[in-house]
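Examining the three-dimensional arrangement
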Amino acid sequence: MASVTYEHVYKRYPGNVVITDMNADIKDKEFVVLVGPSGSGKSTALRMLAGLEEISDGTVKIGDRPVNDVAPKDRDIAMVFQSYALYPHMSVYDNLSFGLKLRKTPKDEIDRRVREAAQILGLEPFLDRKPKALSGGQRQRVALGRAIVRQPKVFLMDEPLSNLDAKLRVQTRVQILKLHQRLQTTFIYVTHDQVEAMTMGDRIVVLNNGIVQQFDTPQTLYEHPVNLFVAGFIGSPAMNFLNVKVGGDGQAALTAEGFNVPVAERVLAEAGTKRGEEVVMGIRPEDLKDARFPGRDDLPKIRAKVDVVENMGSENFVYFTIGGKAFTARMDPRSSDIQPGQSIDVAVDTGHLHLFDPKSEKALVSRGAPAAAVPAIQEAAQVQPQQVR
């Protein structure tokens, strides 16, 4: 088993920098997810670790061993691809055993490893079948099994579930987590799906434009995002943002067109901001509540016009407008009677506000935590501005 380390890693192509000063220490036996939008550099980071892409600058280590100049076959890793990459003319057994045969592993050892992997993944009834006779989920399990029989130090997975339907993705996701618990090996998993990232990772590397935005646990990313990008990318539905001005003659308030919410002076002090200044306010959909129900009397209220309601059974997504700005609220089943076109009072849980600097886009206050309590973004990285809509 082994840890993985990226030390000031860059990947450059002519006229294009794909990875900028990537630093990450991944612990032995940890399940780490690289997540970000398309083109963020996550697959490139994985492929550099695998030896499928050259490293322009910096060092990648597996354990204490730098592997920049080590051939992929000698890195003791196994990779699972999105496309399964199975040999169509071979049976499941032969697909699982092929890599071991190339390494001249003894026949009895090959058979032991193949049957053990098949038992772990529930592939025993399919060992004589060809890939064309398998479902998508079964093919993905064969691809996982081919990695398992290698008994590598590190498992690398590049969007392995993206070809599966929604139900099968959930089932296979659980299977991969069970596999990690059973094998007790380091897993590094790439996805663009932040729900996959949040549910699978011990820790998550959030990438954007080739820059590590934040590397932390799912809960920390959710509660204490270091900047606007992480705040908007992590969470479903996404965080609501609004450009507001700090005002108020008596008690301080955050104000915008159709929006006036009192805020504690303590929050302004923690954010290092004062009256007259502009900030970007962020609030999660679950922190906007139906004001009609008990326990919300002390929360500030805003008047909103409902545009769309999505009844999910266990919850309701309510889309509404305040002063021409679109918001999303995540409300409980009691709010299922809300109708489009209706005007409602929405209670704002100001204890869970996030405040950001509109210029640097860095967090000032994240769910009431002062900026000093939020893990800092890499000093060398310059956050790419994003438009707040």
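Note that the structure is a prediction, hence the values are computed from the model and not measured. (Residues numbered from 1 in each chain as written. Predicted model: local features only at pLDDT ≥ 70, side-chain atom pairs only at ≥ 80, totals over all residues. Heavy atoms only, no water.)

**Some points on helix α3 (residues 107-121)**
Residue pairs spaced three or four apart in an α-helix point in one direction, given the helix's 3.6 residues per turn. Heads up, the condition is: Only runs of H or I of at least four residues qualify as helices and only runs of E of at least two qualify as strands under DSSP, and these elements are numbered from the N terminus. Take the residue count of a helix, subtract one, and multiply by 1.5 Å to get its expected span. The rule is simple: take the accessible area with a 1.4 Å probe, protein chains only, and divide by the maximum for that residue type; under 20% is buried, over 50% is exposed, in between is partly exposed. The reported arc concerns the directions from the helix axis to the C-beta atoms and nothing else. Should any heavy atoms of two residues lie within 4.5 Å, those residues are considered in contact.
Between the first and last C-alpha of α3 there are 21 Å, a value that for 15 residues agrees with the 21 Å anticipated at 1.5 Å per step. Among all positions in α3, only Ile-110, Arg-113, Val-114, Ala-117, Ala-118, Ile-120 and Leu-121 are buried. The buried side chains of α3 occupy one side of the element, clustering within an arc of 160 degrees when seen end-on. Where α3 is buried, its residues meet α2 (92-102), α4 (136-148) and α5 (166-183). The positive-phi residue at the C-terminal boundary of α3 is Gly-122, with phi of around 70 degrees.

**Looking at the nonpolar core**
Under the convention used in this document: Here, nonpolar core refers to any group of buried Ala, Val, Leu, Ile, Met, Phe, Trp, Tyr and Cys residues whose side-chain atoms link them within 4.5 Å.
Core analysis: the biggest nonpolar cluster contains 46 residues, and Val-33, Ile-176, Tyr-189 and Val-206 have the highest contact counts within it. Of all the elements, α3 adds the most residues to this core, at six residues. If we ignore the near neighbours within four places in the chain, the residues touching Val-33 are Tyr-189, Thr-191, Ala-197, Met-200, Gly-201, Arg-203, Ile-204 and Val-205.

**Details of the pairing of strand β17 (residues 316-322)**
Stated precisely, the cut-off is as follows: Strand pairing follows a simple DSSP-based rule, namely that at least 2 bridges must link the two strands.
When you tally the buried positions in β17, you get five out of seven residues, the bulk of the element. Direction of pairing for strand β16 (residues 301-311) relative to β17: antiparallel, over a ladder of six bridges. Within β17, the residue paired with Val-308 across the bridge is Tyr-319. Here β16 folds back onto β17 in antiparallel fashion, the turn holding four residues, of which Gly-313 has a positive phi close to 90 degrees. Sheet analysis places β17 next to strand β18 (residues 325-331), joined by seven bridges and oriented antiparallel.

**Observations concerning the sheet that holds strand β5 (residues 65-66)**
Note the threshold: Angular values range over 0 to 180 degrees, each being the angle between N-to-C directions of two axes fitted as lines to C-alpha atoms, with helices fitted over their stretch in contact.
Read across the open sheet, the four strands follow the order β2-β1-β4-β5; overall the sheet is antiparallel. Only two strands of the sheet have a single neighbouring strand rather than two, namely β2 (16-26) and β5. In this structure, strand β1 (residues 4-13) lies alongside strand β4 (residues 57-62), joined through five bridges in antiparallel fashion. What sits directly across from Tyr-10, in β4, is Asp-57. Across the face of the sheet, helix α1 (residues 42-50) comes into contact with β1, β2 and β4 while running at roughly 115 degrees to β1.

**Let's talk about the side chain of Glu-30**
Defined as follows: N or O atoms within 3.5 Å of each other form a polar contact, as long as, within protein, one can give a hydrogen and the other can take it, and as long as residues adjacent in sequence are counted only when both atoms are side-chain atoms.
By the element assignment, Glu-30 lies in the loop between β2 and β3 (31-35). At 2.8 Å, the side chain of Glu-30 and the backbone nitrogen of Lys-27 are in polar contact. In this structure the side chain of Glu-30 is engaged in a polar contact, spanning 2.5 Å, whose partner is the side chain of Arg-203.

**Let's talk about unusual backbone geometry**
The omega torsion of the bond from Ser-236 to Pro-237 falls at -5 degrees, within 30 degrees of zero and hence cis. Relative to the helices and strands, Pro-237 is located in the loop between α8 (228-233) and β11 (240-247). The backbone of Asp-76 shows a phi angle near 60 degrees, a positive value even though the residue is not glycine. Judged by relative accessible area, which is 29%, Asp-76 ranks as partly exposed. Phi is positive for Gln-151, which is not a glycine, with a value near 50 degrees. The topology assignment puts Gln-151 in the loop between α4 and β7 (154-158). Take Gln-151: its relative accessible area is 43%, and that puts it in the partly exposed class.

**Concerning the pattern of salt bridges**
This is how it is decided: Here a salt bridge means any side-chain nitrogen of Lys or Arg lying within 4 Å of a carboxyl oxygen belonging to Asp or Glu.
Evaluation of the coordinates by the stated rule reveals 20 salt bridges. The partner of Asp-94 in a salt bridge is Lys-101, with the nearest N and O atoms 3.7 Å apart. Linked through salt bridges whose partners overlap, the residues forming this network are Glu-109, Arg-112, Arg-113 and Glu-116.

**Digging into the sheet that holds β16**
One open sheet accounts for five strands, arranged β15-β19-β16-β17-β18; its pairing is antiparallel. Two strands close off the open sheet at either side, each with one partner strand: β15 (288-290) and β18. Averaged over all pairs of adjacent strands, the angle between strand axes in this sheet comes to 50 degrees, irrespective of strand direction.

**A few points about the environment of Arg-12**
Note on placement: Arg-12 falls in strand β1. On the basis of relative accessibility, which here comes to 37%, the residue Arg-12 falls in the partly exposed class. Along the primary structure Arg-12 and Asp-307 are separated by 295 residues, whereas in three dimensions their C-alpha atoms are 46 Å apart. Every residue in contact with Arg-12, bar those within four places of it in the chain, is listed here: Val-17, Ser-56 and Asp-57. For Arg-12, the side chain forms a polar contact with the side chain of Asp-57, separated by 2.5 Å.

**Here we look at the packing of aromatic side chains**
This is how the line gets drawn: Planes of paired rings set the category: under 30 degrees apart is stacked, over 60 is edge-to-face and the rest tilted, where pairs are Phe, Tyr or Trp rings (Trp by its six-membered ring) whose centres lie within 6.5 Å.
If you walk through the whole model with that rule in mind, you get eight aromatic pairs. Ring geometry for Phe-31 and Phe-187: centres 5.5 Å apart, planes at 25 degrees, overall stacked. You can see Phe-31 sitting in strand β3 and its partner Phe-187 sitting in strand β8 (residues 186-191), a full 156 residues away along the chain. Using a relative accessible area of 0% as the deciding quantity, one classes Phe-31 as buried. For Phe-187, a relative accessible area of 1% translates into the label buried.

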